[in-house]
Structures are given as C-alpha cells and as structure tokens.
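Residues per chain, in single letters:
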Amino acid sequence: MTGKRFMPVPGDVVAVRILEDERAVVDRIEPRTFSLERRTVEGRAKTMAANVDTLVTVTSLAHPPPRLITLDQLLAFGELEGIDAAVVFTKPDLAEPEAARRLVAIYERLQYPVAVVDPKHGSNLDALRSLLNGRHALLCGVSGVGKSTIFRALGGEGSIGDVSRHGLGRQTTTAARLYRMPEGFLVDSPGVNEFGLGAIQPRELADAFRDMREPATRCRFTDCTHLREPGCGVRAALQDGAIAESRYASFSRIALRTE
Ligand SMILES: Nc1nc2c(ncn2[C@@H]2O[C@H](COP(=O)(O)OP(=O)(O)OP(=O)(O)O)[C@@H](O)[C@H]2O)c(=O)[nH]1
Ligand SMILES: [Mg+2]
Ligand SMILES: [Zn+2]
C-alpha cells in the first residue's frame, strides 16, 4: 500500500503486520462508514477523520467569546450529514452566569445534548463522559475553546507533538489524535471549526436548522429564502420568539454567503 490516498486518518480501522524489528506496517484500511472531509485552501478535499458518528462542538462561554455562527454551522453540518451532534460549553468560571444560562437554554430547547464543563479545573466531567459513552466522537470548535484540555482531562495523551505557534506559550494543536474510550473513541484535531456546507439552497439550509424546519412549512412561497419575502413562516417564528435571534442571525449569514 503506497501513496497519499491511502493514508490512515484518526478513526480508521486498519490491519497491521508486526515486523521482526517490532515496527508495524499498515496492510489494509477497512472500508469507512463515514469520513469527514474538509476543503483545503487549494480546493482539495482532505479527510479529517473516519468512522465518526458524533460531532462534539466545543464553544467557550468567555475568552474567546462564544462564536455562535461557528456552532450553528457545525450543527447544520451534522444535520445535513445525518450524524449526531452534542453541544459542550467551556469556561463557565470566566462567564457571566445569566448569559451562560440563556445560551444553554437555546440549545437545550433544540434538543441537542448539552454539557457545561470546566476541563481546566475538572468540573462536570462526568456529564461529558456519559454524553460520549459508546460514541465515535470528534471534538470541533474554534481555537482556544478548550478542545485539547477536554481531551486531556478525559485521559487522552496531549503533549506529544504539541507545538507553540504563537510564542506566547499557547499550545495550538497541530496534529490529530485519537483517544480510545472504554467504548468508542474521541478525536482531537487542529482547527476543525468549519466544514463548508457547499452551494446549499435556503430550503435545504432551513431544514438543517431544527428550529426552522416546521416554521418553514408555513411560508407563503415554496421557494422562500426566509430572508426578505412577505408571509415568511420563519420570520414570523422569529417575531414570536420561537426562534432565537442568534440562531436566525447565523442562518441568514450562512444563507447570504451561499446566495
Ligand atoms: N478558565 C478556564 N480555562 C480553560 C477552560 N477550558 C480550557 N481552558 C484554557 O483555555 C486555553 C485553551 O485551551 P485548549 O484546550 O488549548 O484549546 P483548543 O480548543 O484545543 O485550541 P486549538 O488547539 O488551538 O484549537 C488553555 O489555556 C486552557 O487551560 C475552562 O473551562 N476554564
Ligand atoms: Mg487543541
Ligand atoms: Zn420563509
């Protein structure tokens, strides 16, 4: 087996052969049930991880401030790909409690599993463990939200290969790592903060936002973009408070990008 096309990625199941000098050779990669791909800057598709069944989105409540468009786009990606997603908020110790509660409530109402954890000081890790139990999960979210801290707090090896890119003692992850859990696995990857949704129609996008699915069936026009048409069920639900303003803001920014 040669060539880049056949490089194993985190999550792959491989057949290995141990040589006499104890080196291991990968003979075969088993077929992948699911592979997560990302476009590189050169426009090529790069496989980030294989056999993942759950996206664990990580969003910090403060430092850096929550970037909800990233969170909402990751959740939409999970919906479109038909894989589960969970919402993890970090740094509750640095956040304003009332603002944090409001955010948590938005995602609980959407019926995503939500956990608020402080992986640095080790609080609420059990909630995270039960959320990950038996899953093949990938941690994703913007830089500095605490993905690697979660990975390490749960027992993953984190120091090998970490390099400081910024000269400020910050440890930005530069290579993917997989941690085998009692059942399942957890992958920590660098910079998995966005999976492009491609050229998506507003209708399909609204379908990937759980809170917009039903209201979108009430739009006057079947090809409603939910951005400006009269008689829009989505914007009516926004007015009623059934859709959170931040969710609609994410939706419209993504829709305008691909329009
Ligand atoms: N106070 C506090 N600090 C935290 C918490 N979680 C993580 N941190 C800190 O946040 C910083 C960034 O955490 P990392 O785990 O490196 O973030 P990351 O998401 O892996 O970042 P990248 O690898 O760059 O994508 C570290 O200094 C952590 O100690 C938390 O709940 N509370
Ligand atoms: Mg990291
Ligand atoms: Zn509409």
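Preceding this section is the structure that the text describes.
Let me sum up the structure you'll find in this document. Along every chain, residues carry numbers that run from 1 in the direction the sequence is written. In the order they appear in the text, chains get letters beginning with A and ligands get numbers beginning with 1. A pLDDT threshold of at least 70 governs which residues receive local features in this predicted model, and a stricter bar of 80 or more applies before side-chain atom pairs are shown or counted, although totals over entire chains, interfaces and linings include all residues.

### Let's talk about the packing of helix α1 (residues 68-81) against helix α8 (residues 245-258)
- At a minimum axis distance of 9 Å, the contact between α1 and α8 shows a crossing angle of 75 degrees. By the angle between their axes, α1 is roughly perpendicular relative to α8. Residues Leu68, Ile69, Asp72 and Gln73 of α1 form the contact with α8, whose own contacting residues are Ser246, Arg247, Ser250, Arg253 and Ile254.
- Residue type decides the class: Asp, Glu, Lys and Arg count as charged, Ala, Val, Leu, Ile, Met, Phe, Trp, Tyr, Cys and Pro as nonpolar, and the leftover types, Gly among them, as polar. Grouping the amino acids of the contact of α1 with α8 by side-chain chemistry returns three nonpolar, three polar and three charged. Note on geometry: axes are lines fitted to C-alpha atoms, helical ones only across the stretch in contact, with angles between N-to-C directions running from 0 to 180 degrees. The way it works is that DSSP assigns letters per residue, a run of H or I at least four long becomes a helix, a run of E at least two long becomes a strand, and they are numbered from the N terminus. Roughly parallel here means an angle under 35 degrees, roughly antiparallel means over 145, roughly perpendicular means 65 to 115, and every remaining angle is called oblique. Here, residue contact means that the backbone-derived C-beta atoms of the two residues sit within 7 Å.

### Side note on the sheet that holds strand β7 (residues 114-117)
- Pairing within the open sheet is mixed, and its six strands lie in the order β7-β6-β5-β8-β10-β9. Only two strands of the sheet have a single partner each, and these edge strands are β7 and β9 (177-180). Ignoring which end each strand starts from, the neighbouring axes of this sheet average 25 degrees apart.
- Here four bridges tie β9 to strand β10 (residues 185-188), and the two strands are oriented antiparallel to one another. Its bridge partner being in β10, Leu178 is matched across the sheet by Val187.
- Seen against the sheet, α1 touches β5 (54-60), β6 (84-90) and β8 (136-140) and runs at an angle of roughly 175 degrees to β5. Here, a strand pair is defined by DSSP locating no fewer than two bridges between the strands.

Limitation: the analysis is restricted to geometry and does not speak to function.
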